[in-house]
Each structure stands twice: as C-alpha cells, then as structure tokens.
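Spelled out, the chains give:
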Amino acid sequence: MDRERVRAFLDSLGPLSFLGFILLQALQVVAAPIPGEATGVLGGFLYGPLLGLFLSTIGLTAGSWINFSLSKTFGRPFVDRFVSKKTIDKYDYLLHHKGAFLVFVLFLIPGFPKDILCYIIGLGHLTTREFLLISTVGRFGGTVLLTLGGTYLRHHQYYRFSILLGVAVVIIFLSMVYKDKLERIFRLWHIRSRRQEKKRRRKKG
C-alpha cells in the first residue's frame, strides 16, 4: 500500500476520514484482499498510537461482527463459499465446544486465521455478546503492536521499529512452530470436555 496515496485519500474525506479508515479496517476483515497488518500499521502512521488504536479496534470489531453475523444468519451454505471444507473440518471442534475460553485463546495466538475463525465460530454456540468481547480483547494485543509500529515509522524511529519487528517475528515464528501442537491440545481438550459432559448427563439421568 502507498501510505501517502491512502493518506491523501483519507484526508480528502475531511471529517469523514476517521469513518473511512474504520470502514477500511472492517472491509479487510470481511473480504477485501488487504493484509490486516498493513492497515494496522497504517492506523498508527496516520493517527498516532491512541487514536490509531481506537479506530483500528472499532474497525476490526465491526468486521469481525459482520462475519459472525453473516454466518449466524445464513448458516453453513453461506460459510462454505468463503471457507474451504478442509479448514472447517480442521476447526470443527469449535462448533461443538461451548467454552468461550478456548475461542479466546485462539484469538490471542498469532498466526491463526482470525477472520476465517469469525465465520466458523458463527456456526457454533457463542452468543453475539460473548463473541464481541472475545474477538475485541483477543485482537487487542496484535493491534497494539501494529499501531506502535506505524507510529514509530511516522516519527522515523526506525530503531524502535526494528526492535518491535524483531519481537513480532519471534512471536510469530514460535506460534507457527507450535501451532500444530496447540491445535492437537485444543482438540484433546474438546474431547475431554465432551466426555465429562456426557458423564454429568448420565449421573443426572
């Protein structure tokens, strides 16, 4: 993305520039082929740390809510248009697991396809209120890092940006290395939870 061109476009919107950026963030979650990392950094570059973080959070939350709501409303046939069967099968345990904490952990971990997860989770048991809280808080750490990165670039603080980039690369690398192990742990967690739930039902019966 050409930062100056995007900045000029947003500035041309005048008082609506904030709304334009929020819409850009929401669209990149829903369907637009724009990397979320790019828009996150752009928020810090254009608006600074606090306002950039605030606007990015609103946009990401709105986009996540749209994905979740579309999935809730139109169901599996709609989701199949955006998410491959292989991916849905990979995370199918989320559709049966009622624990909100598990979903929250997935949102915290870098490397997980959070935008796609919003569609998949919409097919499950979480309420809209639970989902909004989980997705907003779960995305917050990554949004802070991206916004700070954009702020450092804005003020030509390349040393700080390099340190931040290095930390982010290490976190992402470790996440990718242990991603499969974490997914197996989550599946086992799900299986155990279902077994315990069945035992409780039998005792009640």
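Residues numbered from 1 in each chain as written. Predicted model: local features only at pLDDT ≥ 70, side-chain atom pairs only at ≥ 80, totals over all residues. Heavy atoms only, no water.

Colleague: Can you break down the overall build of the chain residue by residue, with the values?
Modeller: Within the chain, the secondary structure is distributed over 10 helices and zero strands. As displayed, the chain has an accessible area near 12100 Å², and 65% of this comes from carbon and sulfur atoms. (Helix = DSSP H or I, 4+ residues; strand = E, 2+ residues; numbered from the N terminus. Areas by Shrake-Rupley, 256 points an atom, 1.4 Å probe, with all protein chains shown as cover.)

Colleague: Explain the side chain of Thr151 residue by residue, including any values.
Modeller: Structurally, Thr151 can be placed in helix α9 (residues 128–154). If near-sequence neighbours (up to four positions away) are discounted, Thr151 is found in contact with Gly44, Phe45, Gly48 and Pro49. (Contact = heavy atoms within 4.5 Å.)

Colleague: Describe the packing of aromatic side chains, with residues and values.
Modeller: All chains considered together, the criterion is met by eight aromatic pairs. Ring centres of Phe78 and Phe82 lie 5.0 Å apart, and the angle between their planes is 50 degrees; this geometry places the pair in the tilted category. Residue classification places Phe82 among the partly exposed positions, given a relative accessible area of 43%. Among the aromatic residues, ring-to-ring pairing joins Phe74, Phe78, Phe82 and Tyr119 into one connected group. (Phe/Tyr/Trp six-rings, centres within 6.5 Å; stacked < 30°, edge-to-face > 60°. Buried < 20%, exposed > 50% of the residue type's maximum accessible area, 1.4 Å probe, protein only.)

Colleague: For a nonpolar patch on the surface, give the residues involved together with the corresponding values.
Modeller: Side chains of Phe18, Leu51, Phe54 and Ile58 sit close together on the surface and give an oily, nonpolar patch of about 340 Å² of accessible area. Of all the elements, helix α4 (residues 49–79) adds the most residues to the nonpolar patch, at three residues. For Phe54, the location among the structural elements is in helix α4. (Patch = residues over 30% accessible without salt bridge, like charges linked within 9 Å, V, L, I, M, F, W, Y side chains within 5 Å. Salt bridge = Lys/Arg side-chain N within 4 Å of Asp/Glu carboxyl O.)

Colleague: Tell me about the pattern of salt bridges, and please be specific about residues and values.
Modeller: Under the defined criterion, the tally for this structure stands at three salt bridges. For Asp80, the salt bridge identified is with Arg76, shortest N-O distance 2.9 Å. Looking at Arg76, the relative accessible area reads 34%, which means it is partly exposed.

Colleague: Explain a positive patch on the surface to me, using residue names and the numbers behind them.
Modeller: Taken together, Arg195, Lys199, Arg202 and Lys203 make up a surface patch of like positive charges. Structurally, the position occupied by Arg202 is in helix α10 (residues 158–204). (Lys, Arg positive; Asp, Glu negative; His and termini not counted. Charge placed at Lys NZ, Arg CZ, Asp CG, Glu CD.)

Colleague: Any details on unusual backbone geometry? Residues and values, ideally.
Modeller: In the Ramachandran plot, His156 falls in the positive-phi region, its phi being about 60 degrees despite a non-glycine side chain. As for its position among the elements, His156 is in the loop between α9 and α10.

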